[in-house]
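Next come the chains, spelled out residue by residue.
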Amino acid sequence: MENKKTNRNTRLIIVAIVLALVVLLLCIGGSTFARYISSKNLPSNQATVAKWGYVVTANTENLFGKNYNDAAIVTDTTGDPKLDVKASGNVVAPGTKGEITFGVTGSAEVLAKLDLTFKVKSDVSLKSGEGESATTYSPIKWTLKRGDTALVEDKTLADVSTELAKVSTEIEAGTVIGEKDQAYTLSWKWDLGATTDTNNKLDTMLGYAAQGADTYGDYVVEVTGDTTTVTDNSDPDAPVVYTAVTKIEFDLSIEIVQISNSERAPVTTP
């Protein structure tokens with residue numbers, strides 16, 4: 001009887017020990033595999049290069065030509081019997097005219113700056129005298145327009161250069177520039193209509209100067225290096241010497257470039 005009781009107590013102790021081990025293992029397992037987790041799914045992120053859509057345009061097709069028709073800007077129609085002017089190269093002459101259009105169109109997503117540079121190398125002219133008594137005849141009249149607004153009207157290329165030197169425009173990011181916003185037209189004309197005897201005489205001397213060194217009636221053309229002179233001997237007692245320029249030449253540069261706010265022109269307060 002004693003042995004049975006002892007065996008029973010032994011089994012209970014063993015069962016208790018096993019249960020205690022199971023509880024201990026569960027506690028150890030819980031502390032090993034449990035963890036705190038905080039999470040958030042972020043949306044997909046992406047970026048593209050900022051857009052740059054500005055385009056510089058310039059149309060010189062109608063600026064100068066070899067042939068001119070009556071009332072036309074420039075029309076190259078070799079062999080046309082209606083031609084008023086027919087030359088071996090691009091020329092200007094009394095009664096002719098022409099134009100060039102240029103500017104910027106488009107849009108961009110960045111801050112930008114537009115600069116125009118206009119450098120005059122030569123313009124058609126006859127100059128006599130020196131210093132304050134000097135006089136200059138410039139038969140070709142230039143007009144500069146931005147859209148429909150005249151900035152320079154019937155003046156010289158030097159006046160055009162002065163006006164274009166003022167163009168330095170900052171364009172805000174996202175601005176859309178249409179054809180008329182930054183569209184310029186530079187036109188010229190050499191009038192043949194209501195002229196005076198003096199103008200006719202000076203125009204004739206320019207034509208002789210372009211022909212080259214020689215004697216043409218009362219006029220003597222001499223060329224020394226890059227300098228051409230025309231001496232008017234129509235009054236033998238008072239000959240007049242003119243310095244002639246028979247070439248039109250200029251450089252036009254159009255630049256639009258991205259800038260940062262730190263590069264902006266300083267704001268001045270009155």
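The structure this text deals with has already been given above.
I will try to describe carefully the structure that is included in this document. For every chain, the first residue of the written sequence is number 1, and numbering continues from 1 onward in sequence order. Only residues with pLDDT of at least 70 are given local features in this predicted model, and only at 80 or more are side-chain atom pairs given and counted; all residues enter the totals for whole chains, interfaces and linings. For side-chain calculations, the full set of non-hydrogen atoms in the structure is used, while hydrogens and water are omitted.

Considerations on the environment of Thr 156
Right, so step 1: Going along the chain from the N terminus, every DSSP run of H or I of four or more residues is numbered as a helix, and every run of E of two or more is numbered as a strand. Topologically, Thr 156 is positioned in the loop between β9 (149-155) and α2 (157-164).
Right, so step 2: Categorising residues by exposure relies on relative accessible area from a 1.4 Å probe, with only protein chains included: less than 20% of the type maximum marks a residue as buried, more than 50% marks it as exposed, and the intermediate range marks it as partly exposed. When its relative accessible area of 24% is taken as the criterion, Thr 156 is described as partly exposed.
Right, so step 3: The spacing of Thr 156 and Ile 140 is 16 residues in sequence and 7.4 Å in space, taken between C-alpha atoms.
Right, so step 4: For this analysis, residues touch if any pair of their heavy atoms sits within 4.5 Å. Among all residues touching Thr 156, those that are not within four sequence positions of it are Asp 123, Ser 138 and Trp 142.
Right, so step 5: Polar contacts, as counted here, are pairs of nitrogen or oxygen atoms within 3.5 Å of one another; within protein the pair requires one atom able to donate a hydrogen and one able to accept it, and residues that are adjacent in sequence qualify only if both atoms are side-chain atoms. A polar contact is formed between the side chain of Thr 156 and the side chain of Asp 159, at a distance of 3.0 Å.

What about the environment of Gly 106?
Right, so step 1: Among the structural elements, Gly 106 can be located in strand β4 (residues 97-107).
Right, so step 2: Since its relative accessible area comes to 22%, Gly 106 is described here as partly exposed.
Right, so step 3: Note: C-alpha distance between Gly 106 and Val 176 (70 residues apart in sequence) is 5.8 Å.

A look at the pattern of salt bridges
A side chain of one charge can pair with a side chain of the opposite charge if their charged atoms are brought near each other.
Right, so step 1: Any carboxyl oxygen of Asp or Glu that lies within 4 Å of a side-chain nitrogen of Lys or Arg is treated as forming a salt bridge with it. Scanning all chains against the criterion turns up seven salt bridges.
Right, so step 2: Residue Glu 249 is joined to Lys 121 by a salt bridge in which the shortest nitrogen-to-oxygen separation is 3.9 Å. A residue pair is termed long-range when its members are at least 10 positions apart, and Glu 249 in strand β17 (residues 249-258) and Lys 121 in strand β5 (residues 112-122) qualify at 128 residues.
Right, so step 3: By relative accessible area, which is 32% here, Glu 249 ends up partly exposed.
Right, so step 4: As a salt-bridge pair, Asp 251 and Lys 121 come within 3.1 Å of each other at their nearest N and O atoms. Of the two residues, Asp 251 sits in strand β17 while Lys 121 sits in strand β5, which places them 130 residues apart along the sequence.

Quick look at the sheet that holds strand β7 (residues 135-137)
Right, so step 1: At least two DSSP bridges between two strands are required for those strands to pair. Spatial strand order, β7-β6-β16-β15-β14-β13: six strands in an open sheet with antiparallel pairing. A strand with exactly one partner marks an edge of an open sheet, and here the two such strands are β7 and β13 (214-216). Shown here is a sheet whose adjacent strand axes are inclined to one another by a mean of 25°, direction ignored.
Right, so step 2: Both strand β6 (residues 125-128) and β7 contribute to a ladder of three bridges, which runs antiparallel. Axis angles are defined between N-to-C directions and span 0 to 180 degrees, where every axis is a line fitted to C-alpha atoms and, for a helix, only to the segment in contact.

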